[in-house]
Structure formats: C-alpha cells, structure tokens
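Next come the chains, spelled out residue by residue.
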Amino acid sequence: MNRFHFLSLISKTLAHNRPPRSGDTVLFAFFPYSSDAASAGSSTGQHMFMAQYLVESCGFDQKKAADTSKFLCGIKSRQQPDSVLAFFKSYDFEDKSVKNILVVFPQCLLLDVEKSLAPKFRAFQDLGLSRSDIVHLVRSNPVVLNNRFETILPKIRFWLSILGSKDLLVKLFKQNRWFLGYSVDKRVRPNLEILQEYGVTGQKLATILQYRPRIVLQKPDSLKSLISRVENLGVSRTSGMFHWTLSAVSAVHPNKFKMQLELFRGFGWSEDDYFAAFRKSPTFTNVSVKTLQRKMEFFVNEAGYASSDIMMYPVILTYSLEKRLIPRYQILIFLKFNGYIKNFGKLSTYISYSEKRFFEMYILRYKDECPDLIEFYASLKKH
C-alpha cells in the first residue's frame, strides 16, 4: 500500500468516527497545495483590504464596506483608490457626496484618473459647466462616470438645446436624480412630440421643463394617460392653463384630489366649486392637505372671509401663510385700528400685490406717522 492510499484511508476513518482535532491537520500536510485555495485566499485578502479601506477612507460602516468590497477585487494597494479620491477632492466634492457616489457606483475607484476621469471632467467644462456644476451633475447622476463620452455628452448637449440655459440645466441636475440615465430617443423625444401635438410648445414647453421635467422622462403611454386625466377634469388642450394643469396633475396622486375635495366640502364647497377653482389655479393642489386646511382656517375663522372669496381667487392658497398671508393681514389690521385706513379692499388685491408694491402702499406710505411700522412688518415675517 503506497503512502497516498494509506493516508486517504486514515482521513476517511477520521471523518466517519469523530470531528477533526487540531493535531489531525498534520496528516494533510503531505498533499499538494491547491491553486484554487490560493486564489480564494488572495481574493479574500483583497476583500478584507478594500473593506477596511472603505471604512477608514470613505466612511462606510463594516457591513456596507464588506458588501461593496466584492466589486473592487482588482485593487491590491491604496495607490489606485487614493488617486480617485484625490481627484474628487480637487473638484471640492464633500466626503458625504463621494460616499454616496461609491454606494451607487463603487467601481469608479477602479477608473484611471488620467485616461478616464480627468478627460471627462474637462469635457464637461468645455460645455460651459463650472466645477460646482460638475459636482452637482456627478452627485445626482453617477452614471456619467461609467458611461462613455459618446453616450453622455450628446445627452447633455441635447438638454442644453431644449432648456436653452445652463442655469436651467444645473437646476435639473439638482432636482432630478438619474435623468441622464433615460434614453433621449425612446423617452424624451417621443414625449416632446406628444406635447407638441397638444400645443405645448415654446414658452409653455419651457415652463414644463423648468417646473416638471419628469413629465418628459416617463413612458410615452404614461404621458398620454396623464393628458387624458387633464382632459377629464374639463381642461382642453386649447386652454391657456393646459400646461399648468398638466404640471399640477403630474405631481398629485388621484387620492390626494379626493382628500382635498373632502377638505373643501367642509368649508362649503361643492365638487363643481373645487374643480372650478382647480381650473383657475391648478397649482394650489400641489400644497399639502394639512397646509391647505391651515390656510382655509386662517381666511375663514381668523380673517373672517367667506370661503367663496377663496374659491373665486384660489391662487392665494399657493402663497406662504407665515411669510405673506398673515404678515400682510396683520399690517392692515394695525393700520385700520390706528385710523390710517378705513377698509382693506378686496382680499385678492392686497394679497396679490408684489412685495415691492405692498411695501410701498402700506409700509412706506405711513412710515412718518408710524416710524416703527417697518420694524414691525419685518418682525411679523420672521415668525
């Protein structure tokens, strides 16, 4: 019996009769070293190295670091990831932003700074984006780090062309994550064509893109369903409020309409009243039900207006209660109580004035008779 066969029999006997003890390991020292085992050991070591690196250098917790390190097996030293982190730091990325990028796209630590990252960032700057703009772009759309120039740059140029402004593009970065991940040809262009069919062009389209760009990022069939909802509310495509209504409805779940309708019924509105007000000023539906209730209680219970007054001029429901509605009402109460004015006039008048116009009409006009009025008005707006 040769030595290999002899040791094999012993190992089988041990396996069947008892768990191995530490001393048994010497029996297997005669076997050749497995290359698979060596590879597994190396891989495990790399996992441990990168997991610790993510904890120490990127602020990850142990569990997240362990999970993320699986995507970074190719890194064997600090030099590569350090170069990427240093590059981000040179563009003033905050540590939190870098961590968020790594959570989404950890493989960016594998990118070559000189061959991949630096040229791409220079290309962004060539498009007119500042360093701060680039931070917003990458933070909200980490996909740009992974995609090729040939994919990303045409998308950015496209959005610049339809928005017409770098500032609006940056605003889009900040408010809409992953928008560069959507296909221009399969999503955006078809949706723009649908909107154009309904007369949403020029400034109307610019309004949609500025306030509700997600409308053109959804599936075309979803956009068609949204348009049907708008038409079912009695707003035709020829209405000057069509694009505003489309924008408002896109942001309001049907259940929220029901909750708002019940709220206004409590103040004496009928369903027809509610939708008539909606057609006049659809954006008030974007306000939370709780805030709408507070505003209605202020107008009806505190200021003493009829709910029908608000129904006739629903845009006032979009104004800030603390910064506009209450301070202006308190100023008029003060002026009337002290005999400076006889009455308020229509609710819609003094509420709808621009801040400059209101200040001139009700603050500066009486500053000689009441020197403390400016300070009083400022204190009201701070609360």
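Trainee: Now, about the overall build of the chain: what can you tell me, with residues and values included?
Mentor: The secondary structure content of the chain amounts to 22 helices and zero strands. In the chain, once contacts between residues fewer than 6 apart in sequence are set aside, the share between residues at least 24 apart is 68%. About 21,200 Å² of surface is accessible on the chain, with carbon and sulfur atoms providing 53% of the total.

Trainee: Break down the pattern of salt bridges for me, with residues and values.
Mentor: Across all of its chains, the model carries ten salt bridges by this definition. One salt bridge in this structure joins R265 and E271, with 3.4 Å as the shortest N-O distance. Note on R265: relative accessible area 38%, which makes it partly exposed. Of the residues examined, E271 reaches a relative accessible area of 38% and is grouped as partly exposed. The shortest N-O distance in the salt bridge between R294 and E322 comes to 2.4 Å. With a gap of 28 residues between them, R294 in helix α17 (residues 289-302) and E322 in helix α19 (residues 321-337) connect regions that are remote in the sequence. Judged by relative accessible area, which is 31%, E322 ranks as partly exposed. Connected through shared salt-bridge partners, E262, R265 and E271 make up one network.

Trainee: How would you explain the confidence of the model for the chain if you had to name every residue and give the values?
Mentor: Averaged over all residues, the pLDDT of the chain equals 84, while 87% of them reach at least 70. The low-confidence segment residues 1-42, where pLDDT is below 50, has 13 contacts with residues more than four positions distant or belonging to other chains.

Trainee: Break down the packing of helix α15 (residues 254-265) against helix α16 (residues 271-280) for me, with residues and values.
Mentor: Where α15 meets α16, the axes come as close as 9 Å, and the angle between the chain directions of the two elements is 115 degrees. Remark: the crossing between α15 and α16 carries right-handed chirality. Note on element contacts: α16 touches α15 through E271, Y274 and F278, opposite F257, Q260, L261, F264 and R265.

Trainee: Lay out a nonpolar patch on the surface in plain terms, naming residues and giving numbers.
Mentor: Taken together, the side chains of V103, V104 and W178 present a nonpolar region at the surface, about 220 Å² in accessible area. Relative to the elements of secondary structure, W178 occurs in the loop between α10 (166-175) and α11 (184-197). You can call W178 partly exposed: its relative accessible area is 33%.

Trainee: Mind laying out helix α6 (residues 113-126), listing which residues take part and the relevant values?
Mentor: With 14 residues, α6 should cover 20 Å at 1.5 Å per step; its first-to-last C-alpha distance of 18 Å lies within 8% of that length. Looking at α6, one finds that the buried residues are V113, L117, A118, P119, K120, F121, A123 and F124. Of the surrounding elements, those touching the buried residues of α6 are α4 (79-90), α7 (131-140), α8 (143-146) and α9 (149-163). Put simply, D112 is the residue that caps the front of α6, since its side-chain oxygen is 2.9 Å from the backbone nitrogen of E114. Count one or two residues on from α6 and you reach G128, which has phi positive near 100 degrees.

Reading the values: rules and limits
- Residue numbering note: each chain is counted from 1, following its sequence as written.
- Restriction of local features to residues with pLDDT of at least 70 applies here, the model being predicted, together with a cutoff of 80 or more for giving and counting side-chain atom pairs; totals for whole chains, interfaces and linings are based on all residues.
- Hydrogen atoms and water are omitted, and side-chain values are computed over all heavy atoms in the structure.
- Secondary structure counts use DSSP, requiring at least four H or I residues in a row for a helix and at least two E residues in a row for a strand, with both numbered from the N terminus.
- Note on definitions: a residue-residue contact is assigned when non-hydrogen atoms from the two residues lie within 4.5 Å.
- Accessible areas in this description were obtained via Shrake-Rupley with a 1.4 Å probe; residue shielding takes into account the shown protein chains only.
- Here a salt bridge means any side-chain nitrogen of Lys or Arg lying within 4 Å of a carboxyl oxygen belonging to Asp or Glu.
- A simple rule labels every residue: compare its accessible area, found with a 1.4 Å probe on the protein chains alone, to the largest value its type can have, and call it buried under 20%, exposed over 50%, or partly exposed in between.
- pLDDT expresses how confident the predictor is about each individual residue, on a scale running from 0 to 100.
- A fitted line through C-alpha atoms serves as each axis, taken over the contacting stretch for helices, and the angle formed by two N-to-C directions is quoted from 0 to 180°.
- Less than a right angle of anticlockwise turn of the near helix away from the far helix marks a crossing as left-handed, whereas a clockwise turn marks it as right-handed.
- Like charges are joined within 9 Å and nonpolar side chains (Val, Leu, Ile, Met, Phe, Trp, Tyr) within 5 Å, but only among residues with over 30% relative accessible area and no salt bridge; these make up the patches.
- Helix span, as expected, comes to 1.5 Å for every residue beyond the first.
- Any pair of nitrogen or oxygen atoms within 3.5 Å is treated as a polar contact; in protein, a donor-acceptor pairing is required on top of that, and neighbouring residues in sequence qualify only through side-chain atoms on both sides.

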